[in-house]
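Understanding the architecture of this molecule
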Amino acid sequence: MEKKSLLLIWQDKKSRLYFHVGTLTYDGNLYQFEYTHQIKASRRVHDAMEHGYTLHPAFPDLMKRYKSEKLFPAFARRIPSPNRIDYEDILKALALPIDADQMELLRATRGMIGQNPYIFAEPLRLVDGNILKSSFYINGMRYSNLSDYWYKSIKIGDELILERDTTNSVDSNAVKILTSNRVHLGYVPGVFAKAIGALLDRDVAMNVVVEDMKPNFSPQWWVRVSFRSALDQIVPNDIVELDGLVESAA
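Residues numbered from 1 in each chain as written. Predicted model: local features only at pLDDT ≥ 70, side-chain atom pairs only at ≥ 80, totals over all residues. Heavy atoms only, no water.

**Some remarks on the nonpolar core**
Filter applied, for reference: The nonpolar core is taken to be a set of buried Ala, Val, Leu, Ile, Met, Phe, Trp, Tyr and Cys residues, with the residues joined through side-chain atoms within 4.5 Å. Buried means the residue's accessible area, taken with a 1.4 Å probe over protein chains only, is under 20% of the maximum for its type, while exposed means over 50%, and partly exposed covers the values in between. Put simply, DSSP marks the helices as runs of H or I at least four residues long and the strands as runs of E at least two long, and each gets a number from the N terminus on. We call two residues contacting when some pair of their heavy atoms lies within 4.5 Å.
Leu-160, Val-223 and Phe-227 are the most contacted members of the largest nonpolar core, which has 33 residues in total. Contributing elements (two or more residues each) for this core: strand 1 (4–11), strand 6 (124–127), strand 7 (131–137), strand 8 (159–164), strand 9 (175–178), helix 5 (190–201), strand 11 (206–213) and strand 12 (223–230). Ranked by residue count, the leading element in this core is helix 5, at 6 residues. Phe-227 has contacts with Leu-124, Leu-132, Lys-133, Ser-134, Phe-136, Leu-162, Ile-196, Leu-199, Met-206, Asn-207 and Val-208, leaving out every residue within four places of it along the chain. Among the nonpolar cores identified, the runner-up in size contains 32 residues, and Leu-24, Phe-59, Phe-72 and Tyr-118 belong to it.

**Things to note about the environment of Lys-3**
Position of Lys-3 relative to the elements: it lies in the segment before strand 1. As for Lys-3 and Ala-41, which are separated by 38 residues in sequence, their C-alpha atoms are 24 Å apart.

**Structural notes on the pairing of strand 3 (residues 31–35)**
Where we set the bar: Here the rule is simple: two strands pair whenever DSSP picks up at least two bridges between them.
Taken across its 5 residues, strand 3 has 5 buried, putting it largely inside the fold. With burial as the criterion, each face of strand 3 is covered, one bearing Tyr-31, Phe-33 and Tyr-35 and the other bearing Gln-32 and Glu-34. The turn linking strand 2 (residues 18–26) back onto strand 3 is made up of 4 residues, and Gly-28 within it adopts a positive phi angle of 100 degrees. Inspection of the sheet shows strand 3 paired to strand 4 (residues 65–68) by 4 bridges, in the antiparallel sense. Note that in strand 4 the partner of Phe-33 across the bridge is Tyr-66.

**Some thoughts on the environment of Phe-75**
Its place among the elements puts Phe-75 in helix 2 (residues 73–76). For Phe-75, a relative accessible area of 1% gives the class buried. Measuring from C-alpha to C-alpha, the distance between Phe-75 and Ala-58 comes to 9.6 Å, with 17 residues separating the pair along the chain. Ignoring any residue separated from it by four or fewer positions in sequence, one finds Phe-75 in contact with Leu-8, Leu-24, Phe-33, Phe-59, Leu-106 and Phe-120.

**A closer look at the sheet that holds strand 4**
Paired through their backbone hydrogen bonds, the strands of a sheet run either parallel or antiparallel. Test applied: Working convention: axes come from line fits to C-alpha atoms, limited for helices to the stretch in contact. Angles between N-to-C directions cover 0 to 180 degrees.
Across the sheet, which stays open at both edges, the 5 strands sit in the order 4-3-2-1-5 with antiparallel pairing between neighbours. Since the sheet does not close on itself, it has two edges, and those belong to strand 4 and strand 5 (118–121), each with one partner. Each strand axis lies, on average, 25 degrees off the axis of its neighbour in the sheet, ignoring direction. Docked against the sheet, helix 4 (residues 102–109) engages strand 1, strand 2, strand 3 and strand 5, running at close to 40 degrees with respect to strand 1.

Written as structure tokens, this is what we have:
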């Protein structure tokens, strides 16, 4: 089967910045988890530690690659159990098939537990050699001074606009997400901002489309978008500059 990957994201509650501290993968036989200690870039585990991050107690060795035939208990507790009476209803609500695996559940639920600082996110993935794609929720919508009826300004299938936020004092790499009529919805997730900003700087065409909306949920669930970009305009060496976020789908 195709290897599945999810980014473990930690939020510093003080600065509200997000950091990609580790990566979980599953190849159909083995789960693996490893901290991003090998990536010398911003918003990774070393940068997170400078912001007060301490290693997850279930994974106390920064340099180790953890392996297991079963999903690690620390992550399994973050998804609904198949033993729940309402399990099938949960899958239906998440638009997942009855045979969805645990990685699919983690992706759909983001592994969120209350105010816990960890969530899971899909990586930017390189498909067919030159197509960069992902799916993510718009960040920071609660801080964008949106009207109470913001959801009337967009609908599923709408194309959105990406634009650097050059006045952002918290994150110099911040990328705004706007509607076609310039309503500022929020931001590209911080762990992707540097990579996507690099594409903006190169005038690479990117397609961002509203994939799902849940205006009656908490703000972190309000809008999910699909992201797609063809990298034909970028020389191979530039792909390395996308901050280590590009991950092959093979």
